[in-house]
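Residues per chain, in single letters:
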Amino acid sequence: MAAFRVLRKFCGIRYNVICQNKGLNDFSRHFQYREFRINGVLCQQTLDSSTERPQFPGACADFVDRLEFIQPNVISGIPVYRVMNRQGQIINPSEDPQLPKEMVVNFYQKMTLLNTMDRILYESQRQGRISFYATNFGEEGTHIGSAAALDPNDLVFGQYREVGVLMYRGFPLELFMAQCHANADDLGKGRQMPVHYGSKDLNFVTISSTLATQIPQAAGAAYTMKRENSNRAVICYFGEGAASEGDAHAGFNFSATLECPIIFFCRNNGYAISTPTREQYRGDGIAARGPGYGIMTIRVDGNDVFAVYNATKEARRRAVTENQPFLIEAMTYRVGHHSTSDDSLAYRSVDEVNYWDKQDHPISRLRNYMTGRGWWGEEEEQAWRKESQEQVMQALEYAERQPKPQIELLFTDVYQELPPHLEKQKQAMWRHLKQYKEHYPLSIYEK
Ligand SMILES: Cc1ncc(C[n+]2csc(CCOP(=O)(O)OP(=O)(O)O)c2C)c(N)n1
Ligand SMILES: [Mg+2]
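Just so you know, these numbers come straight off a predicted model, no measurement behind them.

We now examine the site of ligand 1. Taken together, 17 residues lie near ligand 1, and Tyr 160, Arg 161, Ser 209, Asn 269 and Tyr 271 sit nearest. One of the backbone N or O atoms of Leu 211 is found 3.0 Å from a nitrogen atom in ligand 1. In this structure, Arg 267 approaches ligand 1 through a side-chain N or O atom, which is 2.9 Å from an oxygen atom. Expressed as a share of its isolated accessible area of 580 Å², the protein-covered part of ligand 1 is 74%. Residue classes in the shell around ligand 1 are distributed as 6 nonpolar, 7 polar and 4 charged.

What follows is the structure, encoded as structure tokens:
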């Protein structure tokens with residue numbers, strides 16, 4: 001028993017106490033006491049067949065004597081929390097996070113810098129200068145609002161459309177460009193396709209585009225943090241499409257049962273490539289699944305950077321102090337194509353896209369807020385547009401001038417010592433490159 005208590009103290013693990021069984025021959029007597037949580041509620045139960053209450057170990061509930069199925073739509077829709085209306089006015093002053101001017105201007109500058117970088121890299125791909133790109137248009141509020149609410153030590157697991165989070169943490173334009181150009185400065189040594197960023201220094205786990213793999217990994221990392229008592233949290237971003245993967249279930253369930261300090265942040269942008277949400281799921285979106293796993297859940301307006309900030313801040317605070325997972329479903333819209341391999345005109349209307357681009361965009365909403373406070377005007381806008389464009393172009397041109405990483409690096413960083421089959425492949429590669437050197441621009445690679 002003492003050992004259990006120590007385990008509980010250090011790991012925060014709740015366990016069922018099975019008391020000494022004194023009444024094996026008399027089932028009408030209390031003989032077991034159990035403690036468990038259902039939907040975060042602590043259930044304390046003494047097994048007792050003399051009371052007409054369910055004693056099943058898997059539920060904390062009452063009996064009913066009328067046949068009735070639970071309807072999935074008992075409530076008309078999980079509400080969407082917001083702080084600002086579309087005109088950038090605070091709706092309820094008590095919800096205003098009252099962030100200082102410098103912080104709000106920084107939010108705006110990061111959101112617009114991301115927008116500018118996306119525009120330029122998208123065009124760059126169209127011109128054949130990089131191989132692939134995916135924009136973040138319309139989802140900037142979800143990135144910046146959530147990133148700002150975290151501690152820099154919190155660990156981020158992203159999908160691929162959360163570039164603003166890394167930008168907010170201080171990843172420089174030069175490194176974004178180096179990654180997309182797979183040049184010698186790229187932290188990934190040119191071995192990943194564009195937009196698969198990662199930064200150990202900034203606690204941002206490298207992107208893997210195999211959908212949802214990050215979700216159970218993030219739950220595992222959060223469990224480690226809890227066991228280390230590190231006062232850190234994990235945030236795990238994913239699209240609503242990725243939430244249909246089995247890995248999402250595994251991650252949600254592990255984090256709930258192991259009581260991990262994690263924020264699951266779902267960007268519900270309406271599409272998984274060409275599949276609209278109405279074809280992806282029944283039920284009320286991703287938020288509706290949270291209570292099913294016993295996870296504290298909120299749905300927010302992802303185009304309202306302050307709503308995202310408030311929700312993430314509170315979720316982060318409680319995740320760490322209470323060791324429990326949170327789910328935030330941020331409702332937004334993917335204004336751009338899925339990626340440069342997609343043409344969204346094939347499956348959605350221009351009018352629909354225009355609505356979100358022109359009438360309900362997170363950048364214009366924040367700008368309205370700033371203008372309303374006298375913090376930003378046309379002059380500042382013009383100057384910042386020019387400056388940010390120059391910063392991005394400079395970083396891009398610099399990246400294009402850099403050599404490619406050493407070819408040998410293709411074979412490093414997985415095994416400490418290269419196994420024979422890879423050694424053989426390496427030799428074959430060099431023979432091939434020598435034999436057909438006129439087909440390969442070998443001079444652009446670092447020696
Ligand atoms: C396991 C797996 N299946 C399919 C794909 C192909 N794929 C890449 S992105 C994507 C859609 C993801 O949609 P969502 O999670 O909503 O993210 P969004 O692109 O909308 O940000 C699909 C199906 C993949 N990368 N991995
Ligand atoms: Mg999506």
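Additional details are given in the paragraphs that follow.
The subject of this paragraph is the UniProt feature "domain: Dehydrogenase E1 component" (unreviewed entry) in the protein chain. UniProt's entry tags residues 109–407 with the feature "domain: Dehydrogenase E1 component" (unreviewed entry), counted in the numbering of this structure. Across residues 109–407, the secondary structure splits into 47% helix and 11% strand, with the terminal C-alpha atoms separated by 38 Å.

Our next topic: the coordination of the magnesium ion (ligand 2). Protein-derived ligands of the magnesium ion (ligand 2) are Glu 240 (OE), Glu 240 (OE), Asn 269 (OD1) and Tyr 271 (O), with the metal-ligand distances lying across 2.1 to 2.8 Å. One can describe the site at the magnesium ion (ligand 2) as irregular: its 6 donor atoms subtend angles covering 50 to 175° at the metal.

Judged by how many residues are buried, helix α5 (residues 173–181) sits mostly within the fold: 7 of 9 residues are covered. The secondary structure elements touched by the buried residues of α5 are α2 (101–126), α4 (163–168) and α13 (378–401). Two residues or fewer after α5 comes Ala 182, characterised by a positive phi angle close to 50°.

Once that is clear, we can look at the sheet that holds strand β4 (residues 204–205). Read across the sheet, 6 strands follow the order β4-β3-β5-β6-β10-β9 without closing on themselves; strand pairing throughout is parallel. The open sheet terminates on both sides in strands that have one partner only, identified here as β4 and β9 (296–301). Sheet topology note: the strand β5 (residues 234–239)/strand β6 (residues 262–268) ladder contains 6 bridges and is parallel. Note that in β6 the partner of Tyr 237 across the bridge is Phe 265. Across the sheet, helix α6 (residues 214–228) lies against β3 (155–157), β5 and β6, angled at about 170° from β5, the strand it touches most.

Moving on: the packing of α2 against α5. It is the contact of α2 with α5, at a shortest axis distance of 12 Å, that shows an interaxial angle of 25°. Considering the angle they form, α2 stands roughly parallel to α5. Here α2 and α5 pass one another in a crossing that is right-handed. Only Leu 173, Phe 176, Met 177, Cys 180 and His 181 of α5 make contact with α2, whose side of the interface consists of Leu 113, Met 117 and Leu 121.

One pass over the structure, following the stated rule, counts 23 salt bridges. For Arg 316, the salt bridge goes to Asp 154, with nearest N and O atoms at 2.7 Å. Note that Arg 316 is positioned in helix α10 (residues 305–322) and Asp 154 in the loop between α3 (140–148) and β3, a separation of 162 residues in sequence. Across this residue pair, the class does not change: Arg 316 and Asp 154 are buried. With a shortest N-O distance of 2.8 Å, Arg 317 and Glu 314 are connected by a salt bridge.

Moving on, we get to the packing of aromatic side chains. Both the distance between ring centres and the angle between the ring planes are used here to describe each pair of aromatic rings. Tallied over the full model, the rule gives 16 aromatic pairs. For the pair Phe 107 and Tyr 168, a centre-to-centre distance of 6.1 Å together with 70° between the ring planes defines the contact as edge-to-face. Linking Phe 107 in helix α2 with Tyr 168 in helix α4, this pair joins segments that are 61 residues apart in sequence. Arg 348 extends its terminal NZ or CZ atom over the ring of Tyr 271, reaching a point 5.3 Å from the ring centre. Geometry around Trp 375 places Arg 373 over its ring, the cationic atom sitting 5.7 Å from the centre.

This brings us to the environment of Asp 201. Examined against the element boundaries, Asp 201 turns out to sit in the loop between α5 and β4. When the C-alpha atoms of Asp 201 and Gln 55 are compared, they prove to be 51 Å apart, with 146 residues separating the residues in sequence.

For the rest of this paragraph, the subject is the nonpolar core. Counting 67 residues, the largest nonpolar core has Phe 107, Met 117, Tyr 133, Tyr 197, Phe 306, Leu 366 and Met 370 as the members making the most contacts within it. Broken down by element, the residue count for this core peaks at 11 residues, all from α2. Setting aside residues no more than four positions away along its own chain, Met 117 makes contact with Tyr 133, Val 163, Met 167, Leu 173, Phe 176, Met 177, Tyr 197 and Val 392. One finds Ala 218, Tyr 223, Met 225 and Cys 260 within the second-largest nonpolar core, a separate group that totals 25 residues.

What follows deals with the pairing of β5. Two faces belong to every sheet, and in a regular strand the side chains alternate between them. Summarising burial for β5: 6 of the 6 residues are buried, a large majority. Here β3 runs beside β5; their pairing, made up of 3 bridges, is parallel. Opposite Phe 157, over in β5, you have Cys 236 as the bridge partner. The handedness of the β5 to β6 crossover, carried by helix α7 (residues 246–257), is right-handed.

This paragraph deals with the packing of α2 against α10. Between α2 and α10, the least distance of the axes is 12 Å, while the angle of their chain directions is 110°. As far as their axial angle goes, α10 and α2 are roughly perpendicular. In this structure, the crossing between α2 and α10 has a hand that is right-handed. Residues Met 103, Val 104, Phe 107 and Met 111 of α2 pack against Val 305, Phe 306 and Tyr 309 of α10. Class assignment for the residues of the contact of α2 with α10 results in 7 nonpolar, no polar and no charged.

Rules of the game
- Residues numbered from 1 in each chain as written.
- Chains lettered and ligands numbered in written order.
- Predicted model: local features only at pLDDT ≥ 70, side-chain atom pairs only at ≥ 80, totals over all residues.
- Heavy atoms only, no water.
- Near = heavy atom within 4 Å.
- Polar contact = N/O pair within 3.5 Å; in protein donor to acceptor, adjacent residues only side chain to side chain.
- Areas by Shrake-Rupley, 256 points an atom, 1.4 Å probe, with all protein chains shown as cover.
- Nonpolar A, V, L, I, M, F, W, Y, C, P; charged D, E, K, R; others polar.
- UniProt positions renumbered as here; feature names shortened; annotations may be inferred.
- Helix = DSSP H or I, 4+ residues; strand = E, 2+ residues; numbered from the N terminus.
- Donors = N, O, S within 2.8 Å, 3.2 Å for Na, K, Ca; no water.
- Tetrahedral: all angles 85-135°; square planar, octahedral: opposite > 155°, others 65-115°.
- Buried < 20%, exposed > 50% of the residue type's maximum accessible area, 1.4 Å probe, protein only.
- Contact = heavy atoms within 4.5 Å.
- Pairing = 2+ DSSP bridges.
- Axes fitted to C-alpha atoms, helices over the stretch in contact; angles between N-to-C directions.
- Parallel < 35°, antiparallel > 145°, perpendicular 65-115°, else oblique.
- Left-handed = near helix turned anticlockwise from the far one by under 90°.
- Salt bridge = Lys/Arg side-chain N within 4 Å of Asp/Glu carboxyl O.
- Phe/Tyr/Trp six-rings, centres within 6.5 Å; stacked < 30°, edge-to-face > 60°.
- Lys NZ or Arg CZ within 6 Å of the ring centre and 35° of its normal.
- Core = buried A, V, L, I, M, F, W, Y, C linked by side-chain atoms within 4.5 Å.
- Right-handed = clockwise from strand over helix to strand, strands pointing away.

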